[in-house]
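Each chain, written out:
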Amino acid sequence: MTTIRRFCCNDLLRFASVNLDHLTETFNMSFYMTYLARWPDYFHVAEAPGNRIMGYIMGKVEGQGESWHGHVTAVTVAPEFRRQQLAKKLMNLLEDISDKIDKAYFVDLFVRASNTPAIKMYEKLGYIIYRRVLRYYSGEEDGLDMRKALSRDVEKKSIIPLKRPVTPDELEYD
């Protein structure tokens, strides 16, 4: 039985094995602590019996006006727990919080352009490629900014794709 619950400080000492995937971005401890303190509703862990961490999602809410949105900073599932729809459950949870609690217009995320399995999964979850960000990952690999409109964006304006790629310095950050 899988339990999905809020991430807590102790989990920081137990989730390293989930981050071993070469496509998972790993951050320093203070980065995780900042998310845990500022956006606790957006940081969840999936746990197997015996308290083994199966995966997690970390995100935030940001922007202004019609750019007010939920953002998926990281979602990852340990290889032995994949193909069980855990990422889908974690994504749905973040989307629900963004939609129903924070009244966001959309949810967005960045993914490596070469990560075809993740791109296909996000597309199955209703995400579209909004724009390509040139050299987003370490100044080398392009990233794709993918978005999914939420109920507040009735006209779906937030997911009209840009026609040209952008550079990281053109991105809007809060």
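Residues numbered from 1 in each chain as written. Predicted model: local features only at pLDDT ≥ 70, side-chain atom pairs only at ≥ 80, totals over all residues. Heavy atoms only, no water.

## Digging into the sheet that holds strand β6 (residues 128-137)
Strands pair in a sheet through their backbones, by hydrogen bonds, and they do so in one of two ways: parallel or antiparallel. Selection rule: Any two strands with at least two DSSP bridges between them are considered paired. Per the convention used, a helix needs a DSSP run of H or I reaching at least four residues, while a strand needs a run of E reaching at least two, with both numbered from the N terminus. Simply put, an axis is a line fit to the C-alpha atoms, just over the touching stretch for a helix, and the angle between two N-to-C directions goes from 0 to 180 degrees.
Reading across the sheet, the seven strands line up as β1-β2-β3-β4-β5-β7-β6 and stay open at both edges, with mixed pairing between neighbours. The open sheet has two free edges, formed respectively by β1 (3-6) and β6, since each of these has just one partner strand. Direction aside, the axes of adjacent strands within the sheet are offset by 25° on average. Taken together, the six bridges between strand β2 (residues 43-48) and strand β3 (residues 52-62) define a ladder with antiparallel strand orientation.

## Structural notes on the nonpolar core
As a reminder of what qualifies: Buried Ala, Val, Leu, Ile, Met, Phe, Trp, Tyr and Cys residues form a nonpolar core when they are joined through side-chain atoms within 4.5 Å. Think of it in three bands: residues with accessible area under 20% of the maximum for their type are buried, residues over 50% are exposed, and the middle band is partly exposed, with areas taken using a 1.4 Å probe on protein chains only.
Counting residues in each nonpolar core, the largest one holds 43 residues, and the members touching the most others are Y56, M91 and Y122. Elements that contribute at least two residues to this core include exactly α1 (29-38), β2, β3, β4 (69-77), α2 (86-101), β5 (106-112), α3 (116-124) and β7 (141-149). Counting residues in hydrophobic clusters, the runner-up holds five residues, among them V133, Y137, V166 and L171.

## Let's talk about the pairing of β4
In regular strands, side chains alternate between the two faces of the sheet. For β4, the tally of buried residues reaches nine of nine residues, placing the bulk of the element in the interior. Pairing of β3 with β4 involves eight bridges; the strand directions are antiparallel. Across the sheet, residue Y56 finds its bridge partner in β4, namely T76. Linkage of β3 to β4, two consecutive antiparallel strands, is achieved through a turn of six residues, within which G63 is found at a positive phi near 100°. Looking at chain direction, β4 and β5 are connected through four bridges and run parallel.

## Let's talk about the pattern of salt bridges
Convention followed: The rule for a salt bridge is simple: a side-chain nitrogen of Lys or Arg has to be within 4 Å of a carboxyl oxygen of Asp or Glu.
Counted by the stated rule, this structure contains 14 salt bridges. Salt-bridge contacts for D11 lead to R5; the nearest nitrogen and oxygen are separated by 2.8 Å. Using a relative accessible area of 1% as the deciding quantity, one classes D11 as buried. You can call R5 partly exposed: its relative accessible area is 22%. With a closest N to O distance of 3.7 Å, E66 and K157 form a salt bridge. Taken together, the residues span a long stretch of sequence, with E66 in the loop between β3 and β4 and K157 in the segment after β7 at a distance of 91 residues. With a relative accessible area of 47%, E66 lands in the partly exposed category. You can call K157 partly exposed: its relative accessible area is 43%.

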